[in-house]
Amino acid sequence: MNARLGFFDVDCQEMNATRDGLALRPRVQPLAEAIARLHAAAEAIGAPLVFTTCCSGRMPQPGDLPGTLFIPLDAADRAWEHRVTAHRRFYLQKRTYGDPKVNGERRAFDMFQDNGNAERLVKAFAVDEWIVFGNAFDVCVDCCARGLLNAGQRVCLLTDVAALSVRGTRESLRAMVEHLSQRGARVSTMNELLSLIDA
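Conventions adopted
- Here the residue numbering is sequential within each chain, running from 1 through the sequence in written order.
- Given that the model is predicted, a residue must reach a pLDDT of at least 70 before its local features are reported, and side-chain atom pairs must reach 80 or more before they are shown or counted; all residues, however, enter totals for whole chains, interfaces and linings.
- With hydrogens and water set aside, each side-chain value is computed from the structure's full complement of heavy atoms.
- The rule for a salt bridge is simple: a side-chain nitrogen of Lys or Arg has to be within 4 Å of a carboxyl oxygen of Asp or Glu.
- To qualify as a helix, a DSSP run of H or I must reach at least 4 residues; to qualify as a strand, a run of E must reach at least 2; elements of each kind are numbered from the N terminus.
- Relative accessibility decides the category of a residue: with a 1.4 Å probe and only protein chains considered, values under 20% of the type maximum give buried, values over 50% give exposed, and everything between is partly exposed.
- Helix axes are fitted only over the stretch in contact, all axes being lines through C-alpha atoms; the angle between N-to-C directions runs from 0 to 180 degrees.
- Here is the rule for angles: anything less than 35 degrees is roughly parallel, anything more than 145 is roughly antiparallel, 65 through 115 is roughly perpendicular, and the remaining ranges are oblique.
- With the far helix as reference, a near helix turned anticlockwise by less than a right angle produces a left-handed crossing, and one turned clockwise produces a right-handed crossing.
- The criterion used for residue contact is that any of the two residues' heavy atoms lie within 4.5 Å.
- Residues are grouped as follows: Ala, Val, Leu, Ile, Met, Phe, Trp, Tyr, Cys and Pro are nonpolar; Asp, Glu, Lys and Arg are charged; every other residue, Gly included, is polar.
- Following DSSP output, two strands are said to pair if at least two bridges run between them.
- What we call a nonpolar core is a set of buried Ala, Val, Leu, Ile, Met, Phe, Trp, Tyr and Cys residues that are connected through their side-chain atoms within 4.5 Å.

Here we come to the pattern of salt bridges. A complete count under the given rule lists 13 salt bridges for this structure. For the salt bridge of R78 with E81, the shortest nitrogen-to-oxygen distance reads 2.7 Å. When salt bridges with common partners are traced through the structure, they connect E14, R25 and R58 into a single cluster.

The next point concerns the environment of F137. By the element assignment, F137 lies in helix α5 (residues 137-150). Exposure remark for F137: the relative accessible area of 0% places this residue in the buried category. When the C-alpha positions of F137 and V177 are compared, they lie 9.5 Å apart, and in sequence the two are 40 residues distant.

Turning our eyes to something else, we now look at unusual backbone geometry. Despite not being glycine, R107 shows a phi value in the positive range, around 55°. Mapping R107 onto the fold places it in the loop between α2 (100-105) and α3 (111-114). With a relative accessible area of 35%, R107 lands in the partly exposed category. Its identity is not glycine, yet A136 carries a phi of approximately 50°, on the positive side. Note that A136 resides in the loop between β7 (129-134) and α5.

Turning next to the packing of helix α1 (residues 32-44) against helix α7 (residues 190-198). With their axes 11 Å apart at the nearest point, α1 and α7 run at an angle of 25° to one another. As the angle between them shows, α1 and α7 are arranged roughly parallel. Remark: the crossing between α1 and α7 carries left-handed chirality. For the pair formed by α1 and α7, the contact residues are A34, R37, L38 and A41 on the first element and M190, N191, L193, L194 and I197 on the second. Considered class by class, the residues forming the contact of α1 with α7 number seven nonpolar, one polar and one charged.

Turning our attention to the sheet that holds strand β5 (residues 68-71). If you walk across this open sheet you meet the seven strands as β5-β6-β4-β1-β7-β8-β9, and the pairing is parallel. Looking at strand neighbours, the two that pair on one side only are β5 and β9 (186-188), the edges of this open sheet. Within this sheet the neighbouring strands show an average axis-to-axis angle of 25°, counted without direction. Bridge count between β7 and strand β8 (residues 155-162): four bridges; the pairing is parallel. Across the sheet, the residue bridging to V132 is L157, located in β8. Relative to β8, α5 is tilted by about 165°, and along the sheet it contacts β1 (5-10), β7 and β8.

Moving on, we get to the nonpolar core. Residues F7, F8, W130, V132, L148 and L157 are the most contacted members of the largest nonpolar core, which totals 68 residues. When residues of this core are assigned to their parent elements, the largest contribution, eight residues, is made by α5. When neighbours within four sequence positions are excluded, L148 is seen to be in contact with F8, F112, V122, W130, V132, Q153 and V155.

Right under this line is the structure:
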C-alpha cells in the first residue's frame, strides 16, 4: 500500500492508576490485541498516531508521556507546532468538566469542538487517509470522524475495532456508519487494512 496513513485512536487509552504510563479503558479491554496490532503497524510504517482520552478517564497532563507530543486545547498555544516532525505519537487534549452528566451536556467528548489545535494538527501531516478506531464508537468516534471529514480529510473506519457507548446499540452504530459512509468515509476491518499495509 503506497498511501500515507495516519492512525487515530479514540479514547482507548488513559493514564494508569499510578500515572506512570498508559492503560486501556475498561470497555476496550476485549480489543487489547487489535489495538496493540494497530499501534505496532503505525510505528512500523512511521505513521502518525493521534490519540485522545475519554473525558471521564484519567487524562494525561503535559510532561506525563515522554516521547508523545501534547496538543493543548488553547488555539493560541502553538508552541507544539515546531516539534511535530520529531514525533510520531500525539496526545490531543480533550476538555473535561469532572462530571459525566455535564461532559455529555457540553459535548466534552467532541475533540474537534473544544481543541482549537485539532484541525491544525491533522492537516500538518498531509496524510492520504486517517484510520479511525476506538471507544464509544457511536459517540466519540463519530465526532472524531465528522471532525476529520469537516477538515477535508479522508477517513477509514475500522468497525471491528469498536466499543459502543453505554447507551449505544448495534442500530445506533449502523446508522452512524451509514451516515459517515454517505459523507465519504470508507469502512474496513483491521485484517483488511493490515493485509494492504503488508502487501
